[in-house]
Amino acid sequence: MASPGASGPKHIAIIMDGNGRWAKQRGLPRQLGHERGVEALRRTVEACRNLDLEHLTVFSFSSENWKRPAEEVSSLFALLRLYVRQDLNTLAKDGVRVRVLGSRHGLPDDILSLIEMAEEKTSHNTRFQLNIAFNYGARDEIVEAAKALANDVEAGRMNAADIDSDAFATRLWFSGVPDPDLLIRTSGEFRLSNFLLWQIAYSEMMFVDCLWPDFSETELIDAINAYKSRERRFGGLTVDGLQSE
Ligand code: IPE
Ligand code: IPE
Ligand code: MG
């Protein structure tokens, strides 16, 4: 009998890191690294669809990335515009539902409209979901959920005693998205940088040296195979490869 770890992940989350270093190694401007990063994203979406995954979540702009020079921030926004304009029709046709998760605060109006349009156009798709974490910070997400709960209690819509994990999770930006089975960070950094702190409580983690623009189906399949060889216990015990109740 196959061990519980033998089935593949249904939801992979990726911290797409290393675009700047990829460009620097080649004496190119960082912007070019980001552009090649978009190509890696395209390849990865396609590979995940072919591998029958259900969700791919990518970290594309963090709440802390505002600290970068204004020029880089605008070029990252420009890339989101370009990606949505160039790929939305194909994504929609291929049955991909697109969601953009993060704070809407501080985003230019045209980006807000583009996000709304992308979500609306693909909202009926069910085959595969691409979650783009944009202007996303996990601590902000948790604080917003806490505020929403506090408002509900204050307004008498719920009792504080009824607050539990599910009540909390339904108020997160990622509400309705299953927790990732596997989290991958590229570029050899061993940190989470404020990504999905709530959702990855029991995700398997993989830190790979590959810089994001070099990421391809090969690295993805390697990560999936490594995932399959792991034993997920969720705090329980395993006996002869079988998960205990
Ligand atoms: C990831 O690449 C993309 C974003 C954070 C937006 P980086 O721009 O962080 O690349 P490095 O880490 O400087 O190499
Ligand atoms: C994390 O990468 C954010 C994204 C990939 C969008 P960073 O490059 O911003 O993270 P740090 O600064 O190295 O922690
Ligand atoms: Mg980085």
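Structure: see above.
We now turn to the structure provided with this report.

We now examine the site of ligand 2. With respect to spatial proximity, the complete set of residues near ligand 2 consists of Ile15, Met16, Asp17, Phe59, Ser60, Phe61, Asn65, Arg68, Arg185, Arg191 and Ser193. Measuring from an oxygen atom of ligand 2, one finds a side-chain N or O atom of Arg185 at 3.3 Å. Here Ser193 contributes a side-chain N or O atom positioned 2.6 Å from an oxygen atom of ligand 2. Considering ligand 2 on its own, with 390 Å² of exposed area, one finds that the protein chains cover 77% of that surface. A majority-of-atoms criterion places ligand 2 in the largest pocket.

This part covers helix 5 (residues 138-154). Compared with an ideal rise of 1.5 Å per residue, which puts 17 residues at 24 Å, helix 5 spans 24 Å between its outermost C-alpha atoms and is within 8% of the ideal. Within the span of helix 5, buried status applies to Ala138, Glu141, Ala145, Leu149 and Asp152. Projected down its long axis, helix 5 shows its buried positions confined to an angular sector of 75°, all on one face. Projecting away from the buried face of helix 5 at angles above 90 degrees are the exposed residues Arg139 and Glu154. Where helix 5 is buried, its residues meet strand 4 (128-136) and helix 6 (165-169). Where helix 5 ends, the next residue or the one after it, Gly156, has phi of about 80°, a positive value.

The subject of this paragraph is the side chain of Asp94. Its place among the elements puts Asp94 in the loop between helix 3 (70-93) and strand 3 (96-101). Overall, Asp94 belongs to the buried group, its relative accessible area being 17%. In contact with Asp94, not counting residues within four places along its chain, are Glu46, Arg49 and Arg127.

Here we come to the site of ligand 1. Close to ligand 1 lie 13 residues, the nearest being Asp17, Gly20, Arg21, Arg30 and Arg68. Between Asp17 and ligand 1, the recorded distance is 2.9 Å, taken from a side-chain N or O atom to an oxygen atom. Between Asn19 and ligand 1, the recorded distance is 3.2 Å, taken from a backbone N or O atom to an oxygen atom. Its free accessible area being 380 Å², ligand 1 has 86% of it covered by the protein chains. Of all the cavities here, the one that holds ligand 1 is the largest pocket. Contributing elements (two or more residues each) for the shell around ligand 1: helix 1 (19-25), helix 2 (30-50) and helix 3. Sort the elements by how many residues they give to the shell around ligand 1 and helix 1 lands first, with three residues.

Working definition of a disulfide: a covalent bond connecting the sulfur atoms of two cysteines. Throughout the structure, instances matching the rule amount to zero disulfides. Considering cysteine sulfurs only, Cys210 is the nearest to Cys48, which forms no disulfide, with 14 Å between them.

On to the sheet that holds strand 4, then. Backbone hydrogen bonds are what pair the strands of a sheet, in a parallel or an antiparallel way. Taken in spatial order, the six strands line up as 3-4-2-1-5-6 in an open sheet, and their pairing is parallel. The sheet terminates laterally at strand 3 and strand 6 (204-207), the two strands that pair on one side only. Mean inter-strand twist for the sheet, computed between neighbouring axes without regard to direction, equals 20°. For strand 2 (residues 55-62) and strand 4, the ladder comprises seven bridges, and the chain directions are parallel. From the neighbouring strand, Thr57 faces strand 4, where its bridge partner is Asn131.

Per the counting criterion, the structure on display carries 20 salt bridges. Ionic pairing is found between Arg42 and Asp87, a salt bridge with its closest N-O pair at 2.7 Å. Of this pair, Arg42 sits in helix 2 while Asp87 sits in helix 3, and the two are 45 residues apart along the sequence. Judged by relative accessible area, Arg42 falls into the partly exposed class, the value being 30%.

Calculation notes
- Residues numbered from 1 in each chain as written.
- Chains lettered and ligands numbered in written order.
- Predicted model: local features only at pLDDT ≥ 70, side-chain atom pairs only at ≥ 80, totals over all residues.
- Heavy atoms only, no water.
- Near = heavy atom within 4 Å.
- Polar contact = N/O pair within 3.5 Å; in protein donor to acceptor, adjacent residues only side chain to side chain.
- Areas by Shrake-Rupley, 256 points an atom, 1.4 Å probe, with all protein chains shown as cover.
- 1 Å grid on protein atoms, 1.4 Å probe; cavity = no way out; pocket = protein on both sides within 12 Å on 5 of 7 lines; lining within 4 Å.
- Sits in = over half its atoms within 2 Å of the grid points.
- Helix = DSSP H or I, 4+ residues; strand = E, 2+ residues; numbered from the N terminus.
- Expected span 1.5 Å × (residues − 1).
- Buried < 20%, exposed > 50% of the residue type's maximum accessible area, 1.4 Å probe, protein only.
- Arc of directions from axis to C-beta.
- Contact = heavy atoms within 4.5 Å.
- Disulfide = S-S within 2.5 Å.
- Pairing = 2+ DSSP bridges.
- Axes fitted to C-alpha atoms, helices over the stretch in contact; angles between N-to-C directions.
- Salt bridge = Lys/Arg side-chain N within 4 Å of Asp/Glu carboxyl O.

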